[in-house]
Each structure stands twice: as structure tokens, then as C-alpha cells.
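Coordinates in review
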Amino acid sequence: MYREYDQSQMFLLPPSLKDFVDESHPAHMINDLVEKMNLASLDKRYGNMGQPAHHPRMMIKIILYGFTVGVFSSRKFQRACRENLAFKYLAGMQTPSFKTFIEFRRRHRDDMKEVFVQTVKLAREMGLAHLGAVALDGCKKEANTSKHKAMSYGRMQEEEKRLKSEIEELLETAEETDAREDLEHGADNDGYSLPGELARREKRLKKIEEAKAALEEREKKDHPEKPIDSKKQISFADKEARCFAKKADGTRYVYNSQAAVDMESQIILENHIEDSVSDAKSAEEALENIEKDLGEPPGKLVTDAGYGNSNTLESCQKREVTPVSATTREGKEPADGDKKAPGSADFFTYNPDYNTLVCRHGRVFEFDHFTGEGKRAIYCSREKVGCTCGSHALKDGRRIMKVDKGYLARQTLKGIMEAEGNRELYRRRKCTVEPVFGQISVGMGFRRYFYRGRNNVRSEWNLVCAAFNIKKIAALKACGKAAAGERKGIQGEESSHASGGERFLYEFIRHMRLFRSHVAPGGRYIALSPHYA
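Residues numbered from 1 in each chain as written. Predicted model: local features only at pLDDT ≥ 70, side-chain atom pairs only at ≥ 80, totals over all residues. Heavy atoms only, no water.

**As for the packing of helix α3 (residues 56–68) against helix α15 (residues 454–478)**
Pairs of packed helices are described in terms of their axes, by the angle between the two and the distance that separates them. Direction vectors running N to C along α3 and α15 enclose 75 degrees, while the axes themselves pass 8 Å from each other. Considered as vectors, α3 and α15 are oriented roughly perpendicular to each other. Across from I63, L64, F67 and T68 in α3, the residues of α15 making contact are E460, L463, V464, A466, A467, I470 and K471. For the contact of α3 with α15, the class distribution of residues is eight nonpolar, one polar and two charged. (Axes fitted to C-alpha atoms, helices over the stretch in contact; angles between N-to-C directions. Helix = DSSP H or I, 4+ residues; strand = E, 2+ residues; numbered from the N terminus. Parallel < 35°, antiparallel > 145°, perpendicular 65-115°, else oblique. Contact = heavy atoms within 4.5 Å. Nonpolar A, V, L, I, M, F, W, Y, C, P; charged D, E, K, R; others polar.)

Structural data, given as C-alpha cells:
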């Protein structure tokens, strides 16, 4: 005995798209969340001229849902809209071509930042994201290029000279050959093949000159006072990707993808692409973006040792943010017996409250002045000392100690770390921000960028972070945390003027909302008044 099976069975009544997607399917959540977003920045790019375009809200739904399930290719989006029920539901049975997705992402490249910001604002409205403690970290995502499509600065200089020499020789040979063949065959007969070789060399020379100029411009920006190292490399395919070498992984081209994460919910509050493989200067842009997009800075910024420097400290101080940052790798702190000579800064203890240095013999060195550019601080002992601590001695017997700005910042950060609760907060960083990158790489399947160029990569990273936030909001809402955040806001607004009967009805509605998916799956519910919604 078999169940009835008939593929030609007709529907008695026209079905709804929702009938083909289970109520608990995440596509419904993405559909509802995107409907709540303010996408005015996308709408303003369209007019009333020409053929009607696909609705940007529909395109965002498809792309964000695709990113959450590991679909990143425009051609795969097109195929999914034709074959996958969830994509058909979000697309409303429309089937945009892959060229439409490519053009949409190109046109709205800069608008993807606003899409990401809308997911953060939505999470805050639902009580899921706060600006208390924010953890900042970065990961090196592979660029869409290969280390075999690159060349070092020294090699480019050698190749440039060789190609110029060969081009000159080919031009001389071409002139001699032209003159000889004109005599043998006549001026109108073409029996010559050298221009092809010449064109290939000129094309290669042009690529090398462009890459060399890009590398020189980048190094001038990063290290303005230093000559360019001959081993510095640049990729011909993506000149803005950075070369990153690690013993375990070898050499590869990457983009340093930064993310600032709420330590309570793991919602990404800020993201950007750092124009360096180092994290040292990332805090400034992260805090600036949070303040600009969300209206206020976080209370605390938690970072690892890669951010423990004067740039992070100054960025936090001017915004009154507490920097909870390590200055050395955990477990790698030097022991007392490993301290350096009396002329080393590690031989001293820094007191940020009085801005003084104290050597191991108890001599106090007071701050005197900064050097011309403010990079080094000069400290002088109060009186003549008998020890040899410090850089050198003055004629009156007092000692001088010179320390760089970074040393003072690290000592200040060490003092902040020892404050009550900060070290425990720092330990939580490992289980808040770092798992986010793991979930993006493994859970979403995003391990490398598909676009080239920093602006295109920035747009792609915004989409990835927006999709992650959508996925995280759906997960938190499923476990009831979003409902708790919403309830807290509603109670604060309505409890002050609600009567006893209204409070009873509100509590009844609240409990029904929490359990309605278990009470009557697939059923219909009565629309409630906005006062209780």
C-alpha cells in the first residue's frame, strides 16, 4: 500500500507563497527584519525613467539570506531564485538574472554600509545590542588574488631595466629589418613578426610600472621616512591587498577585516577594512564609526595586545572610553629577572597618577618635557642620585631618563587592566569576539573575498556582517532574549499609566506570545491594538 502520488494534481484554490515555506524557516525572520529596515539610501538612487527596476528591498532579502546560508555568487543567486523555495518566497517568484545582482551590488556598493548599520539599529531597538563593553578584533581574510601573481620591489626594478633594454634592442632591430626588407620586398610587403614581441614586452613593462608606482605610494604613506625594502611585495591582480606571512600558512594576500562586537549578544556593532596587516591603528576608525552611526561611543573597548599602544589609548581618552587592552601576549609577560639594564625603561615603574618613573633603587624621576615632535618624554631625578639608572647624568649629578610615548601608553594600559573587573572582562574577550570570525568562516562559509579592490571588499564585508547580525538576531529571538528586551522597553513605557485590568491583559498577551508557536502552529492570530503590540 502506498500513499497517493500524482504530480499532475491541480490545486483547488491558488496557493500562497508562504504555504511552501515552513513557519519556523529563517527566511520568514529575514523577510520580517528587512521589512523593518530604513532603506531610503537605496531608494533615492532610482527614478521614474526607463524600465522598472527590481525592488531594492527584495534584492537585499535575497542577498542577505544567501550570505547566511553560504551562497555568495551572483549566478548561484539566479539559480536559487529558480529552484529554491526559500529564495522563491523572498523573491516573490521573480527571477532576477545574475547580471542584475552584479549591477545591483555595483550600484549600491557604498550603500551596503547603511544596510549593515540598519541591522545594528534594529538589534538595539529589540534590546539585543548595547554600548557597554565592546570587543574589537580583526581577521585576515584572503583576497581574490594569488601570491604567484605578485612581485617584490627589488625584482620589479630589475625587470623594469631588463624590459626597457629589450624594448630598445627590439626597436633597433625593427628599424634595421624594415630598411632591409624594404629593399628586398618593397615598401608595401609585410613579412615582419617583431611588433608582436615588442607589444608583449611593452604591455608587461606597463603593468610593472603601475604596480611599482602603487607600491611606492603605499610605502610612502606607511613609512614616510624610510627607504622601500626590496623584499616588499605587491599583487598585480589586486594592488590594494596586503601581503601577510605566517609560518603555519606561508605567504598570502589578505585584507585585515575588523569587527567590533557587543560582548553580551555578539552582535557586530562596527566593521571596517584596515589598510594594513597590523591592528595597531584600528581603534580610532572603529570608535569613530560607532560614534557616528550609533550616536555615542561605547563604555569600554576590549582589545588584545595588537591594539595595546598609544594610538588606542589616545583614541579612547578623547571619547572618554575605558580601554581594556593587553600590552603583551597572555603568558608572555617578562619575569622580574628578565628585566633589562638600568638604562632600559623596563628597569623603572611608571606612576600614571603623578606622571613619574621610579627606579628599582627607589629614586623618583619627574616628567620634564617632550622632545620636539612629542615622540619621547624626558624625565629627570629630583636630586643627585648614587645609582646609574637612566640614560645619562647631568653636571649637577641628577640623572636623565628618556622613554618613548609607546612605553607610557603601555604602562597606563597596564594600570587600567588591573582595575577591578577589567581583567575578568578581558578574559571574556576570547569567547565573544573571536567566535564571531569562526562562525563567519565555518558557519556561513565565508573564507575569502570574491571582489577585488578595497572599496569593493569593504562593501562585501558590510554584507557579510549584516548577514551575520540577521542570523544572530534570529537565533537570539528564537531563544527569547529579544522578547525580554522588547518587554523591558514596553513595561517602562506603559506600566506607569496602565490600570489593573490592562496590566492583566498585557501579561496574558505577553505569555501567549511566548508560547503561541507551541500552542497552535500554523494557526491564525487576532490582530492586537498597537497599544499592546
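**Points about the packing of aromatic side chains**
The description of two aromatic rings rests on the distance between their centres and on the angle between their planes. In the structure shown here, the tally under the stated rule is 13 aromatic pairs. Ring geometry for F67 versus F72: centroids 4.9 Å apart, planes at 85 degrees, classification edge-to-face. Clustering of aromatic rings is evident, with ring pairs tying together F67, F72, Y255, F446, Y449, F450 and W461. Directly above the aromatic system of F98 lies the positively charged group of R75, at a separation of 4.0 Å from the ring centroid. (Phe/Tyr/Trp six-rings, centres within 6.5 Å; stacked < 30°, edge-to-face > 60°. Lys NZ or Arg CZ within 6 Å of the ring centre and 35° of its normal.)

**Let's talk about the pattern of salt bridges**
On inspection of all chains with the given rule, the structure shows 21 salt bridges. Its salt-bridge partner being R429, residue D137 comes within 3.4 Å of it at the nearest N-O pair. Of the two residues, D137 sits in strand β1 (residues 133–142) while R429 sits in the loop between α13 (422–427) and α14 (433–443), which places them 292 residues apart along the sequence. In this structure R429 comes out as buried when scored by relative accessible area, which is 4%. When the shortest N-O distance is used, the salt bridge between K221 and D275 registers 3.1 Å. Of the two residues, K221 is situated in helix α9 (residues 194–222) and D275 in the loop between β6 (268–274) and α10 (282–294); the sequence distance between them amounts to 54 residues. In this structure K221 comes out as exposed when scored by relative accessible area, which is 59%. (Salt bridge = Lys/Arg side-chain N within 4 Å of Asp/Glu carboxyl O. Buried < 20%, exposed > 50% of the residue type's maximum accessible area, 1.4 Å probe, protein only.)

**Some remarks on the pairing of strand β5 (residues 250–262)**
Burial analysis of β5 places 11 of its 13 residues in the buried class, which makes it a mostly covered element. Relative to β5, strand β4 (residues 242–246) runs antiparallel, the two being bridged by five bridges. Residue pairing for β5: C243 is matched across the bridge by Y253. Following β4, the chain reverses through three residues before pairing antiparallel with β5. Pairing of β5 with β6, which is carried by six bridges, proceeds in the antiparallel orientation. For S257, the partnering residue across the bridge sits in β6 and is I273. (Pairing = 2+ DSSP bridges.)

**Structural notes on the sheet that holds strand β11 (residues 364–370)**
For sheets, the rule is that strands pair by backbone hydrogen bonds, running either parallel or antiparallel. With antiparallel pairing, six strands are arranged side by side in an open sheet as β9-β10-β11-β12-β14-β13. Both edges of this open sheet fall to β9 (348–351) and β13 (392–393), since each of them pairs with a single strand only. By the bridge criterion, five bridges tie β11 to strand β12 (residues 376–381) in an arrangement that is antiparallel. Following the sheet pairing, E366 is matched in β12 by C380. In this fold helix α12 (residues 405–417) packs onto β9, β10 (356–359), β12 and β14 (399–404), with an angle of close to 80 degrees to the strand it touches most, β14.

**A look at the nonpolar core**
By size, the foremost hydrophobic cluster in this structure holds 91 residues, and its most contacted members are I60, L64, I268, I440 and W461. Here this core takes 12 residues from α15, the largest share from any one element. The next biggest cluster of nonpolar side chains, apart from the first, holds 16 residues, and it includes F347, C359, M401 and V403. (Core = buried A, V, L, I, M, F, W, Y, C linked by side-chain atoms within 4.5 Å.)

**Digging into unusual backbone geometry**
Trans peptide bonds make up most of the peptide bonds, and negative phi angles are found at most residues other than glycine. For E320, which is not a glycine, the phi torsion comes out positive at approximately 60 degrees. Of note, the phi angle at N355 is positive, near 55 degrees, even though the residue is not glycine. The topology assignment puts N355 in the loop between β9 and β10. Residue N355 is classed as partly exposed on the basis of its relative accessible area, which comes to 25%.

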